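Chain by chain, the residues:
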Amino acid sequence: MRRSLRPDRGNLFPGVETPLHVHNQYSESIYVLEGEFTVYLDEEVIVLKPGETAFIPKGAPHVVAASAPVPSRGITISSPSGFAELIRLTGIPYKPGSDGSEKNDIELFMAVSEKLGDAILGPPGARPGNQVN
């Protein structure tokens, strides 16, 4: 990742996106508080503004990208629970004024993700289905 995810508060810096991945044990919903998120899901591209939400079913390959020119903030809900453990163990606490240069511990992230049944399917920039970057 070019810049760090800010999962403890749902913050992503502009241009940051998750790698193409899938949650095999839980579904995910994203609710936007500030900024804009683009969710790439199957052959669908969903652009979310503040107050909007997207549901990502268990087993659906997807990417979540911060698509606003300013930091974006949202709430992620997983059901059944599991995602919170990933965030608790691997998240980087957001600090006001941060430039996003802190790096995630990718080895720890991958180990916890595997334990939760998540799978990384491609690098940032990869898209699910027939989508082109």
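Calculation criteria
- Residues numbered from 1 in each chain as written.
- Predicted model: local features only at pLDDT ≥ 70, side-chain atom pairs only at ≥ 80, totals over all residues.
- Heavy atoms only, no water.
- Helix = DSSP H or I, 4+ residues; strand = E, 2+ residues; numbered from the N terminus.
- Polar contact = N/O pair within 3.5 Å; in protein donor to acceptor, adjacent residues only side chain to side chain.
- Contact = heavy atoms within 4.5 Å.
- Phe/Tyr/Trp six-rings, centres within 6.5 Å; stacked < 30°, edge-to-face > 60°.
- Lys NZ or Arg CZ within 6 Å of the ring centre and 35° of its normal.
- Buried < 20%, exposed > 50% of the residue type's maximum accessible area, 1.4 Å probe, protein only.
- Pairing = 2+ DSSP bridges.
- Patch = residues over 30% accessible without salt bridge, like charges linked within 9 Å, V, L, I, M, F, W, Y side chains within 5 Å.
- Areas by Shrake-Rupley, 256 points an atom, 1.4 Å probe, with all protein chains shown as cover.
- Salt bridge = Lys/Arg side-chain N within 4 Å of Asp/Glu carboxyl O.

*Asks:* Provide a residue-level description of the side chain of Thr38, including the pertinent values.
*Replies:* Following the sequence through the fold, Thr38 ends up in strand 5 (residues 37-41). Here the side chain of Thr38 touches Ser67 through a polar contact of 2.7 Å, side chain to side chain. With sequence-adjacent residues up to four places away left out, Thr38 is seen in contact with Val45, Ile46, Val47, Val63, Val64, Ala65 and Ser67.

*Asks:* I'd like a rundown of the packing of aromatic side chains, residues and numbers included.
*Replies:* Applying the stated criterion to the full structure yields 0 aromatic pairs. Directly above the aromatic system of Tyr40 lies the positively charged group of Arg127, at a separation of 3.9 Å from the ring centroid.

*Asks:* Could you give me a rundown of the pairing of strand 8 (residues 62-66), with the residues and numbers involved?
*Replies:* Within a regular beta strand, the side chains point alternately toward one face of the sheet and then the other, so they alternate between its two faces. Most of strand 8 is tucked away, with 5 of its 5 residues classed as buried. Note: strand 5 against strand 8, 5 bridges, orientation antiparallel. Its bridge partner lying in strand 8, Leu41 is registered against His62.

*Asks:* Got a sec to walk through a nonpolar patch on the surface? Specific residues and values, please.
*Replies:* A grouping of Tyr31, Leu33, Ile75 and Ile77 is seen on the molecular surface, where their side chains present a nonpolar patch of about 330 Å² in accessible area. Mapped by element, the contributors of at least two residues to the nonpolar patch are strand 4 (27-34) and strand 9 (72-79). We classify Leu33 as partly exposed; its relative accessible area is 32%.

*Asks:* Account for unusual backbone geometry, naming residues and giving values.
*Replies:* Phi is positive for Asp42, close to 50°, though the residue is something other than glycine. Mapped onto the fold, Asp42 is located in the loop between strand 5 and strand 6 (44-48).

*Asks:* So what's going on with the pattern of salt bridges? Residues and values would help.
*Replies:* Counting across every chain of the model gives 3 salt bridges. Notably, a salt bridge pairs Glu17 with Arg127, separated by 2.8 Å at the nearest N-O pair. Here the residue Glu17 occupies a position in the loop between strand 2 (11-12) and strand 3 (20-23), and Arg127 occupies one in the segment after strand 10 (118-122), the gap between them amounting to 110 residues. One salt bridge in this structure joins Glu36 and Lys49, with 2.3 Å as the shortest N-O distance. With a gap of 13 residues between them, Glu36 in the loop between strand 4 and strand 5 and Lys49 in the loop between strand 6 and strand 7 (53-56) connect regions that are remote in the sequence. A relative accessible area of 14% places Glu36 in the buried class. Under the relative-accessibility criterion, Lys49 is labelled partly exposed at 41%.

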